[in-house]
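# Structural overview
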Amino acid sequence: MKLPSLPPLRTPPARAFRATPVILVLLAVVIWSSWYTVPSDSVAVLQRFGKYRSEAPPGLHFKIPFGVDAVTILPVKRQLKQEFGFSTPGSSNPDQFSDEPEAETRMVTGDLNAALVEWVVQYRISEPFKYLFDVREPGATLRDVSESVMREVVGDRTVDEVITIGRQEIESEALAKMQQLATKYNMGVSIDQVQLKNINPPTPVQDSFNEVNQAQQEKERLINEARRDYNRVIPLAEGEKDQRIREAEGYRLKRTNEAEGDVARFNAVFAQYQKAPDVTRRRLYLETMQQIMPAVQNKVIVDENMQGILPLLNLDKKALPAKPQAAAGQEPQQEATP
Amino acid sequence: MNRLLPIAAALLAFLLFNAFYTVGEAQQVILTQFGKPVGAPVTEAGLKMKLPFIQDVNRIDKRILEWDGSPSDMPTKDKLYIAVDLFARWRITDPLQYFLRLRDERSALSRLDDILGSETRNAVAKHELIEIIRTTKDRIPLQDSTLGESQDTADAQDGNKAVGALVPIHKGREQVEQEIFKAAAEKVKVFGIELLDIRFKRINYNASVQPKIFERMISERRQIAERFRSEGNGEAARIRGNMSRDLNRIQSEAYRRVEEIRGEGDAKAAEIYANAYNQNPEAAHFYEFTRTLEAYPAIVTEDSTMVLSTDSDLFKFLKATGSKPSGQP
């Protein structure tokens with residue numbers, strides 16, 4: 001029953017006519033699946049029947065289709081990044097962040113304190129063969145290595161080193177250790193940089209860390225205030241000291257000059273005195289008396305032969321000064337006789 | 001005949017197709033015949049042949065494989081509960097052995113779970129927490145010049161746990177890891193597995209311990225803060241003391257200098273006077289006379305009462321005109 005239908009099928013023009021689209025489609029599929037392009041930042045690893053064959057540089061390349069050749073494209077020139085403890089959204093690298101950032105940050109420091117550490121690892125695929133065929137999950141392995149190394153390094157340091165002063169050292173030591181492990185595990189990556197991001201004490205402790213900072217500031221303030229007082233008082237006192245010394249120097253000069261003046265005057269007068277001592281003496285005496293007597297309001301003049309001055313002293317102030325009375329009054333001013 | 005040909009061809013193609021298999025660069029293959037391994041494991045990548053249908057291909061990974069333990073709480077030697085998270089890297093080195101003993105990766109991982117889990121517990125329980133945290137023995141930590149002052153080192157010498165200091169350790173993290181590694185590597189060898197490395201990934205305080213740790217940290221910080229305040233007050237007091245000392249020094253120096261200078265002045269003046277007045281007895285006498293006269297106006301004032309005798313030099317003429325000059329030799 002099928003016999004009659006076969007001969008027309010086998011007629012050449014008809015077969016060619018019907019088969020052409022099929023062949024064309026087939027050909028298109030073959031061509032379509034036998035070329036591939038490698039982006040400029042990548043390299044292609046070609047496997048034939050599973051066996052590593054070659055690496056292809058960026059550009060257009062051909063391969064045998066239908067699963068004979070398999071191509072893996074690796075971004076070897078791209079700087080890849082892994083983030084620990086935080087995540088920047090919109091990344092294409094599936095290993096860039098984990099889904100449990102909190103657990104990643106928590107660490108115990110070498111003085112058994114806790115700290116929250118965030119960091120970034122920058123790396124590149126340096127050896128595609130190793131990256132593909134020596135390690136399964138190289139990205140996850142790098143994450144594990146990175147976490148482990150960071151904890152090891154932080155575990156060797158005090159909380160103060162981790163949070164403030166030791167950051168640089170931690171970065172460089174972690175980088176060296178990570179690279180060492182990456183080599184040991186044949187991961188085929190080269191680690192370029194380890195960067196510490198935020199490092200904080202755990203939230204419940206942060207206040208007390210701030211308190212330390214405040215206390216530090218307060219200490220500075222107290223010291224500065226004391227210095228201010230010091231600076232306000234001491235230079236002034238120095239100045240005052242100089243002032244007093246200069247005043248004293250002035251006094252010394254004054255005393256000396258005055259003494260010299262007095263002496264000069266004395267010498268001049270004395271020279272004259274020596275020429276006529278008696279008269280000069282008397283003159284000086286009388287001049288002085290004349291000068292002082294008028295000012296004195298109570299003057300009592302007694303006769304040296306009279307006895308008992310007391311009754312007379314009760315007299316009015318303006319009593320006659322010239323009353324000759326008996327008294328034993330000693331005249332207060334009696335110039336010395338040579 | 002014509003009709004059988006395509007069928008035979010298809011059958012042959014199918015057989016041929018089944019006779020070939022590929023081995024990836026990351027794979028090794030064990031052929032089994034009715035479940036029984038035959039021949040040596042195929043470790044070379046590429047296109048290979050086998051008996052179709054009779055032999056099965058069992059692919060085993062050749063790469064370094066991951067094992068990531070789940071965090072579990074365990075006590076340390078110093079009775080602290082910590083959550084330990086370990087990871088390991090391993091590789092199937094004897095695929096036949098592996099295939100016979102474990103057959104697939106799931107059971108391998110579960111063996112690793114058991115072995116590494118128990119070795120970790122053993123090792124952690126044998127060591128104090130600090131031995132697991134720290135790595136380098138006798139590391140001298142950097143000191144924050146503003147935080148760590150001389151008191152710290154003094155405290156450390158007293159044996160107190162000082163801020164900014166590290167307690168010395170005996171073994172350290174790496175050695176503990178090595179202990180676990182050695183014990184476990186020996187045990188997994190029988191499965192055709194080579195353990196490459198184990199490392200602590202995360203070590204954290206157990207949630208119940210955490211508040212206590214935080215409290216300790218807070219008290220430690222408070223103590224530092226308090227020290228800062230007291231240092232500030234102390235330093236301020238010292239400065240004020242210096243101020244008082246310097247002030248007294250300056251003022252007393254000033255006083256001393258002033259008195260010295262004034263004394264010098266007075267002495268100089270006295271010397272000048274003495275030299276002049278003492279040049280001869282007559283001069284001394286004359287000085288006494290004139291100086292006394294000079295003093296009178298100052299001594300005798302308006303409200304003084306003067307009692308004068310007629311015998312005095314001034315008034316002697318009141319009683320008589322002294323015909324003869326009175327007794328001044």
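Counting restarts for each chain: residues are numbered from 1 in the order of the written sequence. The naming scheme follows written order: chains are lettered A onward, ligands numbered 1 onward. Restriction of local features to residues with pLDDT of at least 70 applies here, the model being predicted, together with a cutoff of 80 or more for giving and counting side-chain atom pairs; totals for whole chains, interfaces and linings are based on all residues.

Looking at an unreviewed UniProt entry, chain B carries the name Protein HflC, with the source organism given as Candidatus Thiothrix phosphatis. Taken verbatim from the UniProt record of chain B, the Subcellular location (unreviewed entry) comment is "Membrane". UniProt positions are given in the numbering used here, feature names are shortened, and annotations may be inferred rather than shown by experiment. The UniProt entry for chain B carries the following comment under Function (unreviewed entry): "HflC and HflK could regulate a protease."

### Some points on the pairing of strand β8 (residues 81-92) of chain B
All names here are of chain B. The buried count for β8 comes to 9 of 12 residues, which makes it a mostly enclosed element. DSSP calls a pair of strands paired once it identifies at least 2 bridges connecting them. A run of H or I in DSSP counts as a helix once it spans at least four residues, and a run of E counts as a strand once it spans at least two, with each numbered from the N terminus. As paired strands, strand β6 (residues 65-68) and β8 are joined by 4 bridges and run antiparallel to one another. In the strand pairing of β8, Glu66 is matched with Arg89. Bridge analysis of strand β7 (residues 72-75) against β8 gives 4 bridges, and the strand direction is antiparallel. Residue Pro75 lies in a different strand from β8, and its bridge partner there is Tyr81. Across 11 bridges, β8 lies against strand β9 (residues 193-205) in antiparallel orientation. Among the inter-strand pairings, Phe87 is bridged to a residue of β9, identified as Arg199. Here exposure depends only on C-beta density: within 10 Å of a residue's C-beta, 20 or more other C-beta atoms make it buried, 12 or fewer make it exposed, and intermediate numbers make it partly exposed, the C-beta atoms being placed from the backbone.

### Let's talk about the sheet that holds strand β2 (residues 27-33) of chain B
All names here are of chain B. The strand order across the open sheet formed by 3 strands is β3-β2-β5, and the pairing between neighbours is antiparallel. The open sheet is flanked by β3 (36-42) and β5 (55-61), the only strands paired with a single partner. Recorded for the sheet is a direction-independent mean angle of 30° between the axes of neighbouring strands. Each axis is a line fitted through C-alpha atoms, and for a helix only the stretch in contact is used; angles between axes span 0 to 180 degrees, taken between their N-to-C directions.

### Concerning the packing of helix α9 (residues 277-292) of chain A against helix α8 (residues 281-299) of chain B
α8(B) packs onto α9(A) with a crossing angle of 10° between their chain directions and a minimal axis gap of 9 Å. Relative to α8(B), the element α9(A) is oriented roughly parallel. Along its contact with α9(A), which presents A:Arg281, A:Leu284, A:Tyr285, A:Thr288, A:Gln291 and A:Ile292, the element α8(B) presents B:Phe289, B:Thr290, B:Leu293, B:Tyr296 and B:Pro297. A class-by-class count of the residues in the contact of α9(A) with α8(B) yields 7 nonpolar, 3 polar and 1 charged. In what follows, roughly perpendicular refers to angles from 65 to 115 degrees, roughly parallel to angles under 35, roughly antiparallel to angles over 145, and oblique to any angle outside these ranges. This entry defines residue contacts through backbone-placed C-beta atoms, with two residues in contact when those atoms are within 7 Å. Charged residues are taken to be Asp, Glu, Lys and Arg, nonpolar residues to be Ala, Val, Leu, Ile, Met, Phe, Trp, Tyr, Cys and Pro, and polar residues to be all remaining types, Gly included.

### What to know about the interface of chain B and chain A
Of the residues lining the interface, 105 residues belong to chain B; the matching set on chain A comes to 108 residues. If one sorts the elements of the side of chain B that touches chain A by residue count, helix α7 (residues 210-277) of chain B sits on top with 37 residues. Here the side of chain B that touches chain A is built from residues that sort into 49 nonpolar, 23 polar and 33 charged. Bridge count between strand β10 (residues 298-303) of chain A and strand β10 (residues 305-309) of chain B: 5 bridges; the pairing is parallel.

### Some points on the nonpolar core
Buried Ala, Val, Leu, Ile, Met, Phe, Trp, Tyr and Cys residues form a nonpolar core when they are connected through C-beta atoms within 7 Å. Ranked by size, the top nonpolar core spans 88 residues in total, and within it A:Ala115, A:Val117, A:Met178 and A:Ala182 carry the most contacts. Looking at which element gives the most residues to this core, the answer is strand β8 (residues 114-125) of chain A, with 8 residues. Sequence-distant contacts of A:Ala115, defined by excluding residues within four places in its chain, comprise A:Met107, A:Thr109, A:Val154, A:Val159, A:Val162, A:Ile163, A:Ile199 and A:Pro201. Counting residues in hydrophobic clusters, the runner-up holds 10 residues, among them A:Ala259, A:Tyr273, B:Tyr277 and B:Phe286.

### Some thoughts on the environment of A:Trp119
All names here are of chain A. With respect to the helices and strands, Trp119 occurs in strand β8. Taking the number of C-beta atoms within 10 Å as the measure of exposure, Trp119 has 24 and is therefore buried. Through-space distance from the C-alpha of Trp119 to that of Gln82 is 8.5 Å; in sequence the pair is 37 residues apart.

### As for the sheet that holds strand β3 (residues 51-56) of chain A
All names here are of chain A. Ordered in space as β3-β2-β5, the 3 strands form an open sheet in which the pairing is antiparallel. On the outer flanks of this sheet lie β3 and β5 (69-74), each paired with one strand and no other. Here the strands of the sheet are splayed against their neighbours by 25° on average, with no regard to which way each runs. As paired elements, strand β2 (residues 43-48) and β5 share 6 bridges and run antiparallel to each other. The residue of β5 that forms the bridge with Leu46 is Val71.

### Quick look at unusual backbone geometry
All names here are of chain A. Here the phi dihedral of Leu112 falls at roughly 60°; this positive angle occurs in a residue that is not glycine. Mapped onto the elements of the fold, Leu112 is located in the loop between β7 (106-108) and β8. Residue Leu112 is classed as buried on the basis of its C-beta count, with 21 C-beta atoms lying within 10 Å.

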